[in-house]
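Geometric and topological summary
Below are the chains, spelled out letter by letter.
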Amino acid sequence: MSFKKDLISGLSKKKKMIPSKYHYDYQGSKYFEKITQQKEYYPTRKEKEILKKISKKLPEMIKGNLSFCEIGSGSTDKIKILMNKNVKFYFPIDISGKFIRNASKKLKLKYPKLKIKPVVADYNKPFKIKNFRNTTKVFFFLGSSIGNFHPGHDVKFLKNLSKCIDRNSFIFIGVDLIKKSSLINKAYNDKAGYTAKFSLNLINIINKNFNCGLNINNFSYIGIYNKKMRSLQGFLVSKSKQKFKIGSKNFKLKKNEKIQVEVSNKFSPKSFTSLANKANLKTHSFWTDKSNYFGVFLLKR
Ligand SMILES: C[S@@+](CC[C@H](N)C(=O)[O-])C[C@H]1O[C@@H](n2cnc3c(N)ncnc32)[C@H](O)[C@@H]1O
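1. Here we look at the domain arrangement of the protein
We note that the domain assignment places domain 1 (2–16 + 183–265) and domain 2 (42–180 + 267–300) within the protein. Once you take the C-alpha centre of each, domain 1 and domain 2 turn out to be 28 Å apart. Facing 7 residues of domain 1, the contacting portion of domain 2 comprises 11 residues. Contributing elements (two or more residues each) for the side of domain 1 that touches domain 2: helix 7 (181–187) and strand 11 (258–265). Grouping the constituent residues of the side of domain 1 that touches domain 2 by class yields 4 nonpolar, 2 polar and 1 charged.

2. A word on helix 2 (residues 26–36)
What helix 2 keeps buried is the set Gly28, Ser29, Tyr31, Phe32 and Ile35. Here the buried residues of helix 2 occupy an arc of 160° about the axis, which is enough to place them on one side.

3. With respect to the environment of Ile62
Within the secondary structure, Ile62 sits in the loop between helix 3 (42–61) and strand 1 (66–71). The class for Ile62 is partly exposed, based on 17 C-beta atoms found within 10 Å. Not counting residues up to four positions away in its chain, the partners in contact with Ile62 are Thr136, Val138 and Phe170.

4. Description of the pairing of strand 8 (residues 231–238)
Here strand 7 (residues 219–226) runs beside strand 8; their pairing, made up of 8 bridges, is antiparallel. Its bridge partner being in strand 8, Ile224 is matched across the sheet by Gln233. Here strand 7 hands over to strand 8 after 4 residues, with Arg230 in that stretch at a positive phi of 55°. Pairing of strand 8 with strand 11 involves 7 bridges; the strand directions are antiparallel. Residue pairing for strand 11: Phe235 is matched across the bridge by Gln260.

The rules we used
- Residues numbered from 1 in each chain as written.
- Predicted model: local features only at pLDDT ≥ 70, side-chain atom pairs only at ≥ 80, totals over all residues.
- Domains from an automatic or database assignment.
- Contact = placed C-beta atoms within 7 Å.
- Helix = DSSP H or I, 4+ residues; strand = E, 2+ residues; numbered from the N terminus.
- Nonpolar A, V, L, I, M, F, W, Y, C, P; charged D, E, K, R; others polar.
- Buried ≥ 20, exposed ≤ 12 C-beta atoms within 10 Å, placed from the backbone.
- Arc of directions from axis to C-beta.
- Pairing = 2+ DSSP bridges.

In structure tokens:
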């Protein structure tokens, strides 16, 4: 679906929503990078702690020439922790074109021998990567991106991914674990306000694409953890009554009406394993950090 169709369909729902992938223009990716540097945002810090542990074991665990393929790679910051001399190819896949091309150029300076081939694509659609050239495929889906799907779409994504691999391939997935609600709420409502800036940037993106004259100051942001649903939901809240148009379609917002713009589902090791099993993937190994906040799963077919 196109941005326009997705927007019209999401904003026509009783509970208005916009898919979170539209946050990521260049500025959105920059804001996300800032979020990951905030003290309250434990996922990045905890996942890096785990990746450092895995990195020590990786050359022993997966031998021979490797192709690393990172889905939703963003800044490529985490893959640096895992690089070793067996890695011959790196395929970062991301929707944020300029951002991953820049990140890939910087990575090339650090690893001049590594063949880096950025792929600008939407990972919700089936994707194919060519030229693995007799290397073992190692996929990464980090940053708790597996939690960003609406119900049912996570299994679909894993099934598509499972089609890209063979029995010798590996998939590492970073998963945010269930924990105290207050810790999650703090992480998604950082004091410096970068999560708010990241979400409000969507208004700029919509204005740029559809010239609808929305005023960013007429919106606020809030992230709320729904304990029952095990899901953090991020909303843009309309501060007043508003009217706007997407193409020829009219929309109204009431005062305090919310538009859901973010979903971040949390898992237990058991619930994630059962999700992976539905996509015919098996848990080969599981690592967590010292506080059990985050988990990295190694899946195989
Ligand atoms: C939550 S961030 C994680 C970034 C990085 N992997 C990390 O761990 O910090 C999600 C990343 O996936 C990308 N992304 C989001 N939705 C996407 C989609 N549908 N297709 C491709 N990339 C997407 C974003 O541009 C962003 O870089």
